[in-house]
Amino acid sequence: ILNVEQSPQSLHVQEGDSTNFTCSFPSSNFYALHWYRWETAKSPEALFVMTLNGDEKKKGRISATLNTKEGYSYLYIKGSQPEDSATYLCATHSGAGSYQLTFGKGTKLSVIP
Amino acid sequence: DTGVSQNPRHKITKRGQNVTFRCDPISEHNRLYWYRQTLGQGPEFLTYFQNEAQLEKSRLLSDRFSAERPKGSFSTLEIQRTEQGDSAMYLCASSLARDLIPSSYNEQFFGPGTRLTVL
């Protein structure tokens, strides 16, 4: 994998369903992975910064896991609510001394009431 | 509101015109970043400042683009002789660099973006 890739590109779920998305990234030169939530007409909101293999982080109904050896992270949303509708972006730092984030294209989640 | 602010939020211009966007970061943040997002893509890095010094520039930043952060606070991004391909969302972010914490731990806080449409 040469770039940061996210799947699926879009997702429709019913209110109350749990869901998950995948972020894949180059496992070499990995430094950190960031998850953002971006609602329409708002600023992207930072959810998690993850650095260590096996990291698991949780914020309310949202959680994320990280596997740096195989180059993937999962984002889980438990009991989706309409307010979870947003584009979820993941981004990596490529290495020390480089502060730019490399983003995937995002997963657009729509939660149907 | 103490978050990152960007002005204007929307800009429509004709091809060939110059445009300038402004970003006001979170006040104590010493790092400032510009990204661009085109339709169907994730945000792409353009450039980065630490205080007033521009330390990193993407090859996406052609010679028609110039960014400044003259006093290490707000920043401006100017696009000269705009082209239709410049139509995009321009995002600004800021972060606080702390000496004892690796840069990877510094979350970048984003503004709402400026949406540019070049006709």
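Residues numbered from 1 in each chain as written. Chains lettered and ligands numbered in written order. Predicted model: local features only at pLDDT ≥ 70, side-chain atom pairs only at ≥ 80, totals over all residues. Heavy atoms only, no water.

S.K.: What should I look at first to understand the overall build of chain A in this one?
M.R.: Within chain A one finds zero helices and 11 strands. In sequence order, the secondary structure elements of chain A are arranged as β-β-β-β-β-β-β-β-β-β-β. Here the C-alpha atoms of chain A give a radius of gyration of 14 Å, agreeing with the 13 Å that 2.2 N^0.38 yields for 113 residues. Across its three principal axes, chain A shows a C-alpha extent of roughly 45 × 30 × 25 Å. Of the accessible surface of chain A, which amounts to about 5600 Å², a share of 45% is contributed by carbon and sulfur atoms. Positive and negative side-chain charges of chain A, numbering 10 and 10 respectively, have mean locations separated by a distance of 3 Å. (Helix = DSSP H or I, 4+ residues; strand = E, 2+ residues; numbered from the N terminus. Rg over C-alpha atoms; globule rule 2.2 N^0.38 Å. Areas by Shrake-Rupley, 256 points an atom, 1.4 Å probe, with all protein chains shown as cover. Lys, Arg positive; Asp, Glu negative; His and termini not counted. Charge placed at Lys NZ, Arg CZ, Asp CG, Glu CD.)

S.K.: I would appreciate a short explanation of the overall build of chain B in the present structure.
M.R.: Along the backbone of chain B there are zero helices and 11 strands. Reading the secondary structure of chain B in the N-to-C direction produces β-β-β-β-β-β-β-β-β-β-β. Its C-alpha atoms give chain B a radius of gyration of 14 Å, within 12% of the compact-globule value 14 Å for 119 residues. Overall, chain B is about 45 × 30 × 30 Å in size when its C-alpha atoms are taken along their principal axes. Taken over 119 residues, chain B has a buried fraction of 49%. When the accessible surface of chain B is summed, it comes to about 6100 Å², and 46% of that surface belongs to carbon and sulfur atoms. Across chain B, the 15 positively charged side chains and the 13 negatively charged ones have centroids separated by 7 Å. (Buried < 20%, exposed > 50% of the residue type's maximum accessible area, 1.4 Å probe, protein only.)

S.K.: Looking at this structure, I do not really get the interface of chain B and chain A. What am I missing?
M.R.: Often, the extent of an interface is quoted as the loss of accessible area upon association of its parts. Contacts between the two partners involve 24 residues from chain B and, on the opposite side, 22 residues from chain A. For the pairing of chain B and chain A, the buried interface totals around 1900 Å² over both sides, and the portion due to carbon and sulfur atoms is 58%. Our enumeration of links across chain B and chain A arrives at zero salt bridges. Put simply, chain B and chain A have six residue pairs in polar contact (both at pLDDT 80 or more) between them. Elements supplying a minimum of two residues to the side of chain B that touches chain A: strand S4 (31–37), strand S5 (44–50) and strand S9 (88–95) of chain B. (Contact = heavy atoms within 4.5 Å. Buried area = accessible area lost by both parts, 1.4 Å probe. Salt bridge = Lys/Arg side-chain N within 4 Å of Asp/Glu carboxyl O. Polar contact = N/O pair within 3.5 Å; in protein donor to acceptor, adjacent residues only side chain to side chain.)

S.K.: Could you clarify how one ought to interpret the state of the cysteines in this entry?
M.R.: Disulfide: a covalent bond connecting the sulfur atoms of a pair of cysteines. Scanning the entire structure with this criterion turns up two disulfides over all chains. A sulfur-sulfur separation of 2.0 Å characterises the disulfide bridge that pairs Cys23(A) with Cys90(A). Taking the sign of the S-S torsion, about 80 degrees here, the bridge from Cys23(A) to Cys90(A) comes out right-handed. In this pair, Cys23(A) sits in strand S3 (residues 19–24) while Cys90(A) sits in strand S9 (residues 86–95), placing the two residues 67 residues apart along the sequence. What pairs with Cys23(B) in a disulfide is Cys92(B), and their sulfur atoms sit 1.8 Å apart. Measuring handedness by torsion sign, the sulfur bridge of Cys23(B) and Cys92(B) sits at about -65 degrees and is left-handed. Of the two residues, Cys23(B) sits in strand S3 (residues 19–24) while Cys92(B) sits in strand S9, which places them 69 residues apart along the sequence. For Cys92(B), a relative accessible area of 0% translates into the label buried. (Disulfide = S-S within 2.5 Å.)

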